[in-house]
Amino acid sequence: MSNNDKGFVQINGQNVAIEGERNLLELIRKSGIEIPTFCYHSELSIYGACRLCLVDIEGRGLNASCSIKPEPGMKVKTATEEIREIRKISVELLLANHRVECPTCPQSSKCKLEELARKLGITEVRFKKAKLDHPVDLSSDSLVRDPNKCVLCGDCVRYCREIQSIGAIDFAHRGKHTVVTPAFNKDLAKVECVNCGQCAAVCPVGAITVKQDVDKVFAALDNPEKVVVAQIAPAVRVALGEQFGMTSGDIVTGKITAALKKMGFDKVFDTSFSADLTVMEEGTEFLERFTKGEKLPQFTSCCPAWVKFAEQYYPEILPRLSSCKSPQQMFGSLARETLPKMLNVKPENLFIVSIMPCTAKKFEAKRPEFTHENLADVDAVITTQELSRMIEASGLNFMELDPESLDLPMGFKTGAGVIFGTTGGVTEAVLRFAVEKVTGEKLNNVDFHQVRGEAGIREATLEVAGKQVRMAIAHGLKNARKLAEEVKAGKCNYDIIEVMACPGGCVGGAGQPVNFTPGTIKRRAKGLYEADKMLQLHKAQENPYIIETYEKVLDKPGSHKAHHMLHTKYQSRRRISDKGMPLMTGEGTDKLSIKVCVGTNCYLKGSQSILKALTKDIESRGLQDAVDIQATFCFEKCGQAPNVMIGDQLISKCTFDKAREALNAELKKKTS
Amino acid sequence: MTGQTDTMMRKFEKVCEIIERYNNDSSKLVPILQAVQEEYRYLPEDVMYYVATSLGIPSAQVYGVATFYSHFALTPKGKYLIKVCDGTACHVKKSIPILEALMKRLKLTEDKMTTPDMLFTVETVSCLGACGLAPVLVINEEVHGLMTPESTIALLDNIIAREEAK
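Residues numbered from 1 in each chain as written. Chains lettered and ligands numbered in written order. Predicted model: local features only at pLDDT ≥ 70, side-chain atom pairs only at ≥ 80, totals over all residues. Heavy atoms only, no water.

### As for the overall build of chain B
- When its secondary structure is counted, chain B shows 7 helices and 4 strands.
- The linear arrangement of helices and strands in chain B, starting from the amino end, is α-α-α-α-β-α-α-β-β-β-α.
- Projected onto the principal axes, the alpha-carbon positions of chain B cover approximately 50 × 40 × 25 Å.
- Counting the 166 residues in chain B, one finds 47% classified as buried.
- For chain B, restricting intrachain contacts to residue pairs at least 6 apart in sequence, the fraction spanning at least 24 positions comes to 63%.
- Entry remark: accessible area of chain B is about 8,800 Å², with carbon and sulfur atoms responsible for 53%.
- Of the side chains in chain B, 17 bear a positive and 21 a negative charge, and the two mean positions are spaced by 5 Å. (Helix = DSSP H or I, 4+ residues; strand = E, 2+ residues; numbered from the N terminus. Buried < 20%, exposed > 50% of the residue type's maximum accessible area, 1.4 Å probe, protein only. Contact = heavy atoms within 4.5 Å. Areas by Shrake-Rupley, 256 points an atom, 1.4 Å probe, with all protein chains shown as cover. Lys, Arg positive; Asp, Glu negative; His and termini not counted. Charge placed at Lys NZ, Arg CZ, Asp CG, Glu CD.)

This is the structure in structure tokens:
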């Protein structure tokens, strides 16, 4: 052994230098030996549950390598007969507890359990099959949860809690009854889940998968009455190739277009076009706020998982979110407005498909505010992975396809709209617009390297026309939460904050091919920056078709028409469980509902004594059967606590007298 | 009605007190849930949700803890909680026939261990630490040792008669 002070570990007889690896598993993998794991992800905390990474350490016996620090002089064996047999037993036990339906499982061919059973040469399961009768949770628009396939590795639980700071799912019950579930065994659609889908991305089996919308698209393509158009999000083009053996970051826009045309799509457009449009609207909105110094910092609003997150946890900052719809929804609105005439098709026969790197986009497209007169702005959202499945199902040889060009006008984009797919990209695209607008001079150097990078929270300051613009960029919702908390507490003075829910931004979305090879997300981002470089135009305001769209349809950025079509409103979702605590339930029909907030602020301001006095008053007047009294959680008016809701009327800074007055008025209304 | 509302108000105040007593500290979740359960005799969903909100932790985590420990009940328990010991000593001394006799008399099944009138809940426990008195059962806080199925049913009938007389 050399006298190198870092030391060496002997792995299967060969010395491997310790270079700051956090655990033995990483060191062994570095040496080129693959150790199977279910519950190990380098970005998550160490769980040590799956026991597949067992290795034999001389003098210490069998240990889970993920939980052991490498020490100089250790002698490790990774595949003894004993270890092989234990791994086999572990996998067999998991298979006995697993709903095995591999050919029809959405995870088929990507499933780690399937792969491991094959690699370990398991030909039969020696254990009795467990009873698997959990209902499959289909409630979410984005995800499907099948607990019958869960191997309890907890990757989803830890991702949701540690990276996204949500904790929508957790382990419940014990022993053989253990299950990963939302609180109170509720449907996923009814809890805090923001649909980012990263749980599905880390799930080694098919226990959480992305909801499939491929059939809807095929049906539309097969319907002769339908004119089917597609929009392709920026991040899709740098990742789809991975499914066909290409390198992450390879740009395959032309091949995707060719594939879609061969499948029967009538027009293929680019979400980067509507991202350019977003830059115009969001940039204009930002400059207006910046000049007036109001509603700052402005948060970006392109990421639907972030939007739902803000609606749930930070309703007080919703006015600071840009009111711009996301590029997906801007495309939908514009397509519904212009395409029927352009393509000579009845509005109801225009079928709009989004191809997205994202699972939350499925949820976004179904938000009620994006459907008008029974027509959704976007009819179906499929992910990058679903697109690859469609290509395979259509019998196309992707690698052999000759590239084709996107259609005009909505297929024409600038580099600004392309870099939207990576963290920092939205900020940079808006800067390319805002700086030129403020200075009134042509911006020659369009690269803002200070906003690029990989750190979870990045800060940058830019001097524009003598004024400082302070920016922050967050990706991963835990990082977004940190910034939102600071904003809420009035502790930060940023002007613009960009948030993307998935680490790396959209290129790391859960709809992308699952690829944990280190550097994947970085390469995809690089692909987008290269695509930007290769285009002639880099600023949204120079896109001739954006200029034309404003002339013909939208008037000017921020106009009344633009607001009507391209902007939206947010709703507070603070009361995730809208159930209050019933304190008095009347027996009459047509009862008056009384809700007293007992959230922290209202509680401190004495809501409880109002509740008590009100209850007593109602009883003394014998009105018990005419009312329902509930103690509820936040009405999102904490600044004006205590809050009491009587009927539909919310009384802020409530006192007993005010409440009684409102109660009498409401009761009078009911009797008259 | 009045009494019921009063009780609910009092219990709710108590929950606020408990959470305050533990300084809204999420690491004290187990003692908080224990204290809450003492008030309600089980853990109602809305109260667990309130606890989660007050402690600033996901409600899925509270649900996870509440379902992990068999001490916590997620469904209301009867006025009389009968714990039949089935630890080694009691088991050897034939605790199972006692359990079966109780279940038969109260028309209980494995999935439904509380009577519809909310008077009785029957549970098994692993050891009450009174092996010298085996087989043992505990009704609320009262320990009954050296039981047989017959003496158990007699005890039960006594309670039922007392309740009916009320």
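Having put the structure on the table, let's press on.
### Let's talk about the domain arrangement of chain A
Residue and element names in this part refer to chain A.
- Taken domain by domain, chain A holds domain 1 (3-79), domain 2 (90-210), domain 3 (215-566) and domain 4 (581-671).
- Here the C-alpha centre of domain 3 lies 31 Å away from the C-alpha centre of domain 2.
- Contacts between the two partners involve 21 residues from domain 2 and, on the opposite side, 26 residues from domain 3.
- Taken over both partners, the interface formed by domain 2 and domain 3 buries close to 1,800 Å², and the fraction arising from carbon and sulfur atoms is 52%.
- When the area that domain 2 buries against domain 3 is broken down by residue, the three leading residues are Asp-141, Val-194 and Val-210, summing to 27%.
- Between the two partners, domain 2 and domain 3, sit 0 salt bridges.
- Taken together, domain 2 and domain 3 are joined by 14 residue pairs in polar contact (both at pLDDT 80 or more).
- Counting only elements with at least two residues in the side of domain 2 that touches domain 3, the list comes to helix 4 (155-163) and helix 5 (198-202).
- A breakdown of the residues in the side of domain 2 that touches domain 3 according to their chemical character gives 11 nonpolar, 6 polar and 4 charged. (Domains from an automatic or database assignment. Buried area = accessible area lost by both parts, 1.4 Å probe. Salt bridge = Lys/Arg side-chain N within 4 Å of Asp/Glu carboxyl O. Polar contact = N/O pair within 3.5 Å; in protein donor to acceptor, adjacent residues only side chain to side chain. Nonpolar A, V, L, I, M, F, W, Y, C, P; charged D, E, K, R; others polar.)

### Considerations on the pattern of salt bridges
All names here are of chain A.
- Per the stated rule, a full pass over the model turns up 56 salt bridges over all chains.
- Of the charged contacts in the structure, one is a salt bridge between Glu-26 and Arg-22, with a shortest N-O distance of 2.8 Å.
- A salt bridge links Glu-454 to Lys-522; the shortest N-O distance between them is 3.6 Å. Taken together, the residues span a long stretch of sequence, with Glu-454 in the loop between helix 14 (425-439) and strand 17 (457-464) and Lys-522 in helix 16 (residues 520-534) at a distance of 68 residues.

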